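Analysis of the macromolecular model
These are the residues of each chain, in order.
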Amino acid sequence: MLSTRCLFALIACVITPVAASAQVALPTGGTMPSVDFERHVMGLVSKAGCNSGSCHGSFQGKGGFRLSLFGYEPSMDFANLTRDNLGRRVNIVKPDESLFLLKATGQTLHDGGMRFGKDAWVYNVFREWIRAGAKWTPGSGKIDQLEVFPKDFALLTANKPLQIKVNAKFSDGTTEDITPFCDFRITDDAIAALSPLGLLTARQPGDAGLTVLYRGSVQAIRVLVPTPAQPGGYPKVPEVNYIDSEVFAKLKMMNVIPSDVAGDTTFLRRIHIDVTGQLPTPEEVRAFLADKDPKKREKVIDKLLAHPLHAAIWATKLSDVTGNNTQALEQPQQTQPKRSQMWHDWIRKRIADNVPYDQMVRDILTATSLDGQTPEDWLEFVKKIEGQTEKGFTTDYPEKKTLDLFWRRQQQVPIEQWGEKVAVAFLGVRLECAQCHKHPTDRWTQDEYWAFANLFTQVNFNNNQFSSPAVKKVADAENNARKEKAPKGNNNNLAIIREMFVAATANRGKPNPVIGRVPNPKALGGPEIAVKVGEDARVKLAEWMTAPENPFFARSFVNRVWAHYFGVGIVNPVDDFSLANSPTNSRLLDALAADFIKSGYDLRKLEKNILLSRTYQLDYATNSTNKFDKNNFSHAYVRALMAEQVVDVLNAALGVDETFAALDGAPVGTKLVEVGSSRLANPNLAYALRIFGRPPRTTACDCERAAEPALPQTLFRMTDTSILAKFTDKKGRVATLAASKLTNEELAEEMFLATLSRLPSADQKASAAEAIKTAKNRTEGITDVLWALVNTREFILNH
C-alpha cells in the first residue's frame, strides 16, 4: 500500500491550462493522444507511486489512505480514492475542490507537500476524470501486452533526442499510446538523460538499461550511445568462436574497438587465478614463455580445467549459491564445520567428474537421506561418515547420490524460504518482494509466490520423525544407545540420528495472506504440480526446471559462469533475472544457453569455449574507444579476488602453507578454496576472509559476497601480524631465497615471477637488486622487496 505522499509524487510539468476535452497538452509541446480518462486514471496513480522513490515505504499510508503498489490492485485503489473517508477525496460537483487535488497542488497542507500545479497536465487528467463522475469499471485498463518502441534497443546519436513510445494492448482488444502514463527508469544516467515522459538524450558513449512500468506491467530495452566513428573505418577483428561473434557484433554497432589480446604472462596469471584460484609458479611461467607451440594456451586451459583445484573453486562458489551456512546446520556445534565440508566435497566431486549440471541440480532438489537404501544400510553409512569426520578431513559423503545436507538445517525452514532459496539458486530469480505484494519490477504476484512455496510442503526434517516405522525403529535404537553411553545430564554434544525425507502426506500449504486462499502448487511461470500422497512434488519441479525449454535454468547458470570469468554478468546482478533487468547482450546469453543445453549441460565444455574465446583473452589495457566500457566486454576488467583466493595467492607468493585451528579440521597446506566451512575457528583466517568479502551464506543473495576494495584490506597486507610472520617463516620464500646462490638480479626476477607472474622490466630489476644490495643484510633486502610486491595493486587484483 502507498501513502498519500507516494500518490502525489507526480512530475511537476507546467503547461497551458486546457479545457475539458479528449486531449491534454504535454510539456514536450505536443498533445496526448485521445485518452479514456476512466481507463488511464489508475495508470496515472501507478505512475505517481512509482516516481515517488518510496514505493516500499509506508504501505499503511497516512491517515488510513492506502494505495496498492504500482496500481496493481485498481479496484482497491478506486475504493480508497472515491469511497473511503466519506468520499471527501473527490468532489464530482466541484472537481477543483477534491481533497486529493487540493493536497497535491499545495492548497491544503499535507506531508507530501506540493506535487504539481493547477496548470499541470496530470492535474487536468485527474480533474477531467472527476468531472466525468470519477467512474471506474472493473477490468477497465487491464493490460494484455505492453509494447515499447524501439523494441530491443534505443540507438542514440549526439544532439538527436529519441522519444520512447509505449503502446498498450488492452483486454478489450483496443490499443492505445500510453507513453505519458508510464514510469521510465534508466540504470545509468551518465550515458543518457531520460525525461519523465520517456525522451532520451545522449550524454556519453556507453550502454544502459531502460525500464518501462505501467500498472504492474514491465518491459525493458537497452539504451546504446555509440562512440564516434574512427578515421579509417572499423577494423576487422579476428574471431575464435560464436562468443566472439556475438560480443564483437555489438561492439561494432557501438563503434567500440576491442583491446588487443593479452600477453602470455597476463593470460597465464589470469587463467590460473580464474580456474584454480592460485598463482602459476615461477617454473610454470618460465616454461610457458619458452613454449613455442601455437596451441599452448589451449593446452594450459585443458590442464587447468582438469586440475583438482578447479573443482574446489566451483565447489566454493556453489556452496555460496546453495547456502552452505555452517552455523545453520544441525548440531552438535563441533559437527557443523564437518557437515559444511561434506557439502562442499559433494559438489566438488561432481565438478571433478564433470557430472552434467542438470543432473547435479536434480540430485540436490530431490535429495533424501535414505537414497533408496534399507534402514540398516543407511544407518551403517551414517555411522561410517561420523567415524570418518572424527579421524580426518575427508569422508565418503560425496559418494552419496543426493545432497540431503541442502535440506538439513538446525531450525525448521518455512516453505516460503525454501521457495526463495530454490528460485534464486537455480533460476536466478529473486522472489522476496512478491511475498507481500506484486513484485514491483517483475511479473511475480503474491499468488505465484505462495504457489511456488507450496511445492515444498512435503519436505520434512523434524526431530523424531521418520519416513517409515522401519526407519524409526532403527534410528530410535541407535539414539537410545547413544544416550545411555553419553555423560549423565549432558546431551548437548550428542549427535542424534535424524532423517530428511518426503512426508507421505503433505501439509495443506500456506494461503496468500491478502485473499486468504491457498494457491495450488505451481512452478514459476510454469505448470501446476499436484502434491500427491506417495509422490515427491520436487521430482516434477526438477523435471520442469531442468527441461531445455525452461526460460531461466540454463540462462541463469551460464550467466554465473560468465560472471566468474569476466567479473560482471551479462545479466547483473547474476541472481536478478527480471523483466526490468535486461541482459547487456541478449544474443550472447541465448547463444551460451543454447550451446550449454546442446552439450548436455557440460560445464567443462562451456568453460573451455569461454576461455578459448578472444573475448576472454583480451588485454586489460584500453584504447580511446573502449576506455569507458563497463559491460560490453571490449577489454578485460580489472577485478577483485575472491577472499579465498586472496589468502591462497598470498601464501603462494610467500611460499608458505596455511595452518588451521583444530576445530576447522583441515590439514596444514589445505588451500582455502578447498575449505567448505563458512565459519573458521582460526581468528586470523576468519578476519582475513571477512574483510575480503567471504559471505556467511545467511541469505539467498549473491550480493553477500563483497568485492569492493576497502582500507582494512590494504592495512591487512601491510601490517597484519599473521602476514608479517609468514615473511619470517623458516620454510618460506624469504628464507629459501636468502639461502640460495642467486644473484641480486636473479632474486629480483624470482620474486616478480612468484608474485606478479611476470619478469621485471629492466628498471624494476635494477631497483630491486639495488634494494637488496643496500639493505642491512640479504634477508632484510629480500623481505623488503617481497613486501613491496605483495602490496601492489597489480598483485592483489585479477587482470
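Please read these numbers as outputs of a predicted model, since none were measured by experiment.

Thoughts on the overall build of the chain
The helix and strand tally for the chain stands at 29 helices and 14 strands. Across the 799 residues of the chain, 55% fall into the buried class. For the chain, the share of sequence-separated contacts (at least 6 apart) that also reach a separation of at least 24 residues comes to 68%. For the chain, the accessible surface area stands at approximately 33,700 Å², while carbon and sulfur atoms represent 52% of it.

Quick look at the nonpolar core
For soluble globular proteins, nonpolar side chains are generally found buried alongside one another. The biggest cluster of nonpolar side chains holds 103 residues, and the ones touching the most others in it are Phe426, Phe456 and Trp562. When neighbours within four sequence positions are excluded, phenylalanine 426 is seen to be in contact with Thr322, Tyr357, Val361, Ile364, Leu365, Phe406, Met545, Phe553 and Ser556. Core analysis: the next-biggest nonpolar cluster, separate from the first, contains 43 residues, Phe727, Met751, Val785 and Phe795 among them.

With respect to helix H5 (residues 121-131)
The periodicity of an α-helix, 3.6 residues per turn, causes residues three or four positions apart to be oriented the same way. With nine of 11 residues buried, H5 is to be regarded as a mostly interior element. Turning to H5, its buried residues number three or more, namely Trp121, Val122, Tyr123, Asn124, Val125, Phe126, Glu128, Trp129 and Ile130. Of the residues one or two after H5, glycine 133 is the one with positive phi, at around 115 degrees.

Some words on the side chain of glutamate 416
Its place among the elements puts glutamate 416 in helix H14 (residues 415-426). On the basis of relative accessible area, glutamate 416 is assigned to the buried category, the value being 12%. Engagement of the side chain of glutamate 416 in a polar contact is seen with the side chain of lysine 510, the distance being 2.8 Å. If near-sequence neighbours (up to four positions away) are discounted, glutamate 416 is found in contact with Gln435, Tyr449, Trp450, Ala453 and Lys510.

Describing the sheet that holds strand S6 (residues 183-186)
The sheet built from four strands is open, its strands ordered S2-S10-S9-S6 with mixed pairing. At either margin of the open sheet sits one strand with a lone partner, and together these are strand S2 (153-155) and S6. Averaged over all pairs of adjacent strands, the angle between their axes in this sheet comes to 25 degrees, without regard to strand direction. Pairing analysis gives three bridges linking S2 to strand S10 (residues 217-225), with the strands arranged parallel. The residue of S10 that forms the bridge with leucine 155 is leucine 224.

As for the packing of aromatic side chains
With the rule as written, the count across this model stands at 25 aromatic pairs. Judged by centre distance (6.2 Å) and plane angle (70 degrees), the ring pair of tryptophan 343 and phenylalanine 406 falls under edge-to-face. Of this pair, tryptophan 343 sits in helix H11 (residues 336-352) while phenylalanine 406 sits in the loop between helix H13 (375-391) and H14, placing them 63 residues apart in sequence. Side by side, tryptophan 343 and phenylalanine 406 carry an identical accessibility label, which is buried. Relative to phenylalanine 633, the ring of tryptophan 562 lies with its centre 5.2 Å away and its plane at 80 degrees, an arrangement referred to as edge-to-face. Of the two residues, tryptophan 562 sits in helix H18 (residues 553-566) while phenylalanine 633 sits in the loop between helix H20 (603-612) and strand S13 (639-640), which places them 71 residues apart along the sequence.

Examining the confidence of the model for the chain
In regions of low pLDDT, the predicted coordinates are not meant to be interpreted in detail. Scored by pLDDT, the chain has a mean of 88; 90% of the residues are at 70 or more. The low-confidence segment residues 49-60, where pLDDT is below 50, has 34 contacts with residues more than four positions distant or belonging to other chains.

Things to note about unusual backbone geometry
Leaving glycine aside, a negative phi is the common case for residues, and trans is the common case for peptide bonds. With an omega of 0 degrees, the peptide bond between phenylalanine 149 and proline 150 qualifies as cis. The residue after glutamine 331, namely proline 332, is reached through a cis peptide bond having omega 15 degrees. Secondary-structure assignment places proline 332 in the loop between helix H10 (308-322) and H11. For phenylalanine 633, which is not glycine, the phi dihedral falls at a positive 65 degrees. Phi at serine 757 takes a positive value of approximately 60 degrees, unusual for a residue other than glycine. Note that serine 757 resides in the loop between helix H26 (744-755) and helix H27 (762-774).

Considerations on the sheet that holds strand S5 (residues 175-177)
The pairing of strands in a sheet happens through backbone hydrogen bonds and is either parallel or antiparallel. Taken in spatial order, the three strands make up an open sheet running S1-S4-S5, and their pairing is antiparallel. Sheet topology places strand S1 (143-149) and S5 at the edges, where each strand pairs with a single neighbour. Ignoring strand direction, the axes of neighbouring strands in this sheet form an average angle of 20 degrees. Two elements, S1 and strand S4 (residues 165-170), share six bridges in a ladder whose sense is antiparallel. Note that in S4 the partner of leucine 146 across the bridge is alanine 168.

Things to note about H20
For H20, the full list of buried residues reads Leu603, Leu606, Glu607, Asn609, Ile610 and Leu611. For H20, the N-terminal cap is aspartate 602; the gap from its side-chain oxygen to the backbone nitrogen of arginine 604 is 3.0 Å.

So, the packing of H26 against H27
Between two packed helices, the angle of one axis relative to the other and the distance separating the axes together describe the packing. The contact between H26 and H27 brings their axes to 8 Å, and the two run at 115 degrees. The hand of the H26/H27 crossing is right-handed. Taken together, the residues of H27 that come into contact with H26 (itself represented by Asn744, Glu745, Leu747, Ala748, Glu749, Met751 and Phe752) are Gln764, Lys765, Ala768, Ala769, Ile772 and Lys773. Its residues assigned to classes, the contact of H26 with H27 comprises seven nonpolar, two polar and four charged.

A look at the side chain of lysine 317
Topologically, lysine 317 is positioned in helix H10. As a buried residue without a salt bridge, lysine 317 has its nearest oppositely charged side chain in aspartate 320, at a separation of 6.1 Å. If near-sequence neighbours (up to four positions away) are discounted, lysine 317 is found in contact with His564 and Met642.

A word on the pattern of salt bridges
By the definition in use, this model includes 49 salt bridges. Where aspartate 302 meets lysine 608, a salt bridge forms, and the shortest distance between an N and an O atom there is 3.0 Å. Placement of the pair is aspartate 302 in helix H9 (residues 296-305) and lysine 608 in helix H20, with a sequence separation of 306 residues. Residues joined in a network through salt bridges with shared partners are Glu330, Arg339, Asp371, Lys400, Asp404 and Arg408.

Section: the state of the cysteines
Simply put, the disulfide is a covalent bond whose two ends are the sulfur atoms of two cysteines. Applying the stated criterion to the full structure yields one disulfide. Among the cysteines around cysteine 436, which has no disulfide bond, cysteine 433 carries the closest sulfur, lying 8.7 Å off.

Quick look at the pairing of strand S9 (residues 206-214)
Most of S9 is tucked away: nine of the nine residues are buried. Here S9 shows a buried face lined by Gly206, Ala208, Leu210, Val212 and Tyr214 and a second buried face lined by Asp207, Gly209, Thr211 and Leu213. Where S6 meets S9, four bridges bridge the pair, whose relative direction is antiparallel. Looking at the pairing, aspartate 183 lines up with leucine 213 of S9. Both S9 and S10 contribute to a ladder of nine bridges, which runs antiparallel. The partner of leucine 213 across the bridge, within S10, is valine 218. Turn length for the S9-S10 hairpin, with the two strands adjacent in sequence and antiparallel, is two residues, and the turn residue arginine 215 shows positive phi of about 45 degrees.

Focus: the environment of leucine 797
Along the chain, leucine 797 turns up in strand S14 (residues 797-798). Leucine 797 sits 158 residues away from arginine 639 along the chain, and the two C-alpha atoms are 5.7 Å apart. If we skip the residues at most four places from it in the chain, leucine 797 touches Arg269, Val638, Arg639, Ala640 and Leu641.

The rules we used
- Residues numbered from 1 in each chain as written.
- Predicted model: local features only at pLDDT ≥ 70, side-chain atom pairs only at ≥ 80, totals over all residues.
- Heavy atoms only, no water.
- Helix = DSSP H or I, 4+ residues; strand = E, 2+ residues; numbered from the N terminus.
- Buried < 20%, exposed > 50% of the residue type's maximum accessible area, 1.4 Å probe, protein only.
- Contact = heavy atoms within 4.5 Å.
- Areas by Shrake-Rupley, 256 points an atom, 1.4 Å probe, with all protein chains shown as cover.
- Core = buried A, V, L, I, M, F, W, Y, C linked by side-chain atoms within 4.5 Å.
- Polar contact = N/O pair within 3.5 Å; in protein donor to acceptor, adjacent residues only side chain to side chain.
- Pairing = 2+ DSSP bridges.
- Axes fitted to C-alpha atoms, helices over the stretch in contact; angles between N-to-C directions.
- Phe/Tyr/Trp six-rings, centres within 6.5 Å; stacked < 30°, edge-to-face > 60°.
- pLDDT = per-residue confidence, 0-100.
- Left-handed = near helix turned anticlockwise from the far one by under 90°.
- Nonpolar A, V, L, I, M, F, W, Y, C, P; charged D, E, K, R; others polar.
- Lys, Arg positive; Asp, Glu negative; His and termini not counted.
- Salt bridge = Lys/Arg side-chain N within 4 Å of Asp/Glu carboxyl O.
- Disulfide = S-S within 2.5 Å.

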